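Coordinate analysis (summary)
Listed below are the residues making up each chain.
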Amino acid sequence: MPDLDQQLEETTNPLERMKLIAESAQRLSLTNYDRAAELVDEALPLAHKRMKHGEGRHEYALLLRALGFLYYKRGELEPAGRNFEEALLHFERLNDRWEIANTVHLLGAVAASLCDYDTALTLFERSKQLFEESEDPANALRDLSNIAAIYRRTGRHQEAFEHFSSARRLAVVIGDKNSESNALIGMGMVKNDQGNFDDALQSLLKSLSLKEEVRDQDGIANVLLNIGNVYALIPDYRKAIGYYENSLAIYERLGHIKSESACFVSLGSMYLGLGEFTKAREWLEKGLVLSKRIDDLQCYTSGLATLAEVMLRQGDLDKALESIQTALDLMERINEQDQIADALLTLGHVQSRMSIVGDARMLQAATDSITRAIAIAQAMGTKPIIRKAYE
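Residues numbered from 1 in each chain as written. Predicted model: local features only at pLDDT ≥ 70, side-chain atom pairs only at ≥ 80, totals over all residues. Heavy atoms only, no water.

Concerning the overall build of the chain
Just so we agree on the cut-off: A run of DSSP states H or I qualifies as a helix once it reaches four residues; a run of E qualifies as a strand once it reaches two. Both are numbered from the N-terminal end. As a reference, a globule follows 2.2 Å times the number of residues to the power 0.38, and the radius of gyration itself is taken over C-alpha atoms. Summary of the burial criterion: residues with accessible area below 20% of their type's maximum are buried, those above 50% are exposed, and those between are partly exposed, where the area comes from a 1.4 Å probe applied to protein chains only. In this description, contact between two residues means that some pair of their heavy atoms is separated by no more than 4.5 Å.
Within the chain, the regular secondary structure consists of 20 helices and zero strands. Here the C-alpha radius of gyration of the chain, 22 Å, is about what a compact globule of 391 residues would show, namely 21 Å. Each principal axis of the C-alpha distribution contributes one length, and for the chain these read about 75 × 40 × 35 Å. Looking at the chain as a whole, 54% of its 391 residues are labelled buried. Taking contacts inside the chain between residues at least 6 apart in sequence as the whole, the part at least 24 apart equals 58%.

If you want it as structure tokens, here you go:
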């Protein structure tokens, strides 16, 4: 990023240099993570020393938050949260309401990644209010979309779609194409959850066009991943694989480990659909190792559940049962209703197969699991899972 390096060369005031690094690190990390980390590592100890001498608290807080963001992009959520919380204390001491709002938003993002949705919702609502009070509609809009995303992930699809639609309208009014694109992603994925694939693809392709227009590489990868998710449910596995591979290539270039693990699990699921079990296990095991290392519980449970399906198809029923029960226990903890319903179907299929090969007790258990899966899917309006239950 030559422009930034030139600015740093020309900046002789140490505090101004620290502020420039802190404010540029988040944006730089999307295109050159290693350079962003190098600059923050250079500036943070100097800023801490100056703060101890009574100056530069604001710059130190900005750098702490930048370091937290770098951890967040690497999927290291615990240190990310610690740095955001420490930065928040400094901003509160300075009574900097806009920076407080921005940091609360990032804490909400960490909570959402940890599947602590109640905490995430509270934090996003607080940061939205703070941004509105600071007359910052663009960032208030970002939190409106995040609130919608929480509603979607907890199965409140109608509320989610209404919030995403409101976010899109506001984005058009203020001329924020990136936020409009993000809202369209949300609208598309709600439609996907409901089995309206044509509407889902229409929203996502509009979003992709906007992401390409604003040259948001991270956003382009995210849209490609979600288009793959639509084709996965249609199902058109080969087409989904193409989108997942294109998304993965961008994420690997950007160094976004959390998103890479999601691509690995998605690719494993597609090869399962194609009956290519060796490839499916290879991708799933890569995703499980990576998601476990970075504590991405949502991706880890999804990978475990899909691996159970592979084991079921290969006739390894005991291991399939162990894997899907472990996944379900974790899903119940994080309240991922869509995932729970899908995993219950897999559990029911494992139990049904076990009853056929001699364990008669499993027949009623299979009926109970599938009945519960259908009830959850019907309550949430998740048509693809209902359709899968009756296949």
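Thoughts on the packing of aromatic side chains
Here is the rule we go by: Here a pair means two rings of Phe, Tyr or Trp (six-membered ring of Trp) with centres within 6.5 Å. Their orientation is stacked below 30 degrees between planes, edge-to-face above 60, and tilted elsewhere. Only Lys NZ and Arg CZ are tested; either one counts as a charge over a ring when it is within 6 Å of the ring centre and within 35 degrees of the ring normal.
Counted by the stated rule, this structure contains four aromatic pairs. Note on Tyr 231 and Tyr 243: the rings are 5.7 Å apart at their centroids and 10 degrees apart in plane angle, and the pair reads as stacked. Of this pair, Tyr 231 sits in helix α12 (residues 217-233) while Tyr 243 sits in helix α13 (residues 237-254); the two residues are twelve residues apart in sequence, bridging distant segments of the chain. Between Phe 264 and Trp 283, the ring centres sit 5.7 Å apart and the planes meet at 35 degrees, which makes this aromatic pair tilted. Taken together, the positions of Phe 264 in helix α14 (residues 257-273) and Trp 283 in helix α15 (residues 277-293) put the pair 19 residues apart, joining distant regions of the chain. Look at Phe 264 and you get buried, because its relative accessible area is 6%. Geometry around Phe 161 places Lys 191 over its ring, the cationic atom sitting 4.7 Å from the centre. Lys 286 extends its terminal NZ or CZ atom over the ring of Phe 264, reaching a point 4.6 Å from the ring centre.

Thoughts on the packing of helix α6 (residues 97-113) against helix α7 (residues 117-133)
Here is the rule: Axis geometry follows a simple rule: fit a line to the C-alpha atoms, using only the stretch in contact for helices, then measure angles between N-to-C directions, giving values from 0 to 180 degrees. An angle counts as roughly parallel when it lies under 35 degrees, as roughly antiparallel when it exceeds 145, as roughly perpendicular when it falls between 65 and 115, and as oblique in every other case. For a crossing to be left-handed, the near helix must be turned anticlockwise from the far one by less than a right angle; the clockwise case is right-handed. Residue polarity follows a fixed list, in which Ala, Val, Leu, Ile, Met, Phe, Trp, Tyr, Cys and Pro are nonpolar, Asp, Glu, Lys and Arg are charged, and the others, Gly among them, are polar.
Packing of α6 against α7 brings their axes to within 8 Å, and their N-to-C directions diverge by 160 degrees. If you check the angle between α6 and α7, you find them roughly antiparallel. Crossing geometry of α6 relative to α7 is assigned as left-handed. Along the contact surface, α6 presents Arg 97, Trp 98, Ile 100, Ala 101, Asn 102, Val 104, His 105, Leu 107, Gly 108, Ala 109, Ala 111 and Ala 112, while α7 presents Tyr 117, Thr 119, Ala 120, Leu 123, Phe 124, Arg 126, Ser 127, Leu 130, Phe 131 and Glu 133. Residue composition of the contact of α6 with α7, by class: 14 nonpolar, five polar and three charged.

Here we look at a nonpolar patch on the surface
The line we're drawing: Like-charged residues are merged into a patch within 9 Å and nonpolar side chains (Val, Leu, Ile, Met, Phe, Trp, Tyr) within 5 Å, provided each residue has over 30% relative accessible area and no salt bridge. The accessible surface values rely on the Shrake-Rupley method and a 1.4 Å probe; as for residues, cover is taken only from the protein chains in view. A carboxyl oxygen of Asp or Glu within 4 Å of a side-chain nitrogen of Lys or Arg is what we treat as a salt bridge.
On the surface, Leu 170, Val 173 and Ile 174 cluster together into a nonpolar patch covering about 250 Å² of accessible area. Among the secondary structure elements, Val 173 is positioned in helix α9 (residues 157-174). For Val 173, a relative accessible area of 68% corresponds to the exposed category.

Topic: the side chain of Thr 103
Secondary-structure assignment places Thr 103 in helix α6. You can call Thr 103 buried: its relative accessible area is 0%. Once residues within four sequence positions are removed from consideration, Thr 103 is found in contact with Arg 65, Phe 84, Ala 87, Leu 88 and Phe 91.

Things to note about α12
Our working definition: A helix is expected to reach a length of 1.5 Å times the quantity of its residues less one.
When the terminal C-alpha atoms of α12 are compared, their 25 Å separation across 17 residues agrees well with the 24 Å that a helix rising 1.5 Å per residue should span. Of all 17 residues in α12, 13 are buried, a share of seventy percent or more.

Points about the nonpolar core
What counts, and what does not: Here, nonpolar core refers to any group of buried Ala, Val, Leu, Ile, Met, Phe, Trp, Tyr and Cys residues whose side-chain atoms link them within 4.5 Å.
In terms of nonpolar packing, the biggest core is built from 67 residues, with Leu 204, Ile 227, Tyr 244 and Leu 344 touching the most fellow members. Sequence-distant contacts of Leu 204, defined by excluding residues within four places in its chain, comprise Ile 185, Gly 188, Met 189, Val 223, Asn 226, Ile 227 and Val 230. In this structure, Leu 28, Leu 70, Phe 124 and Val 190 belong to the second largest nonpolar core, which totals 59 residues.

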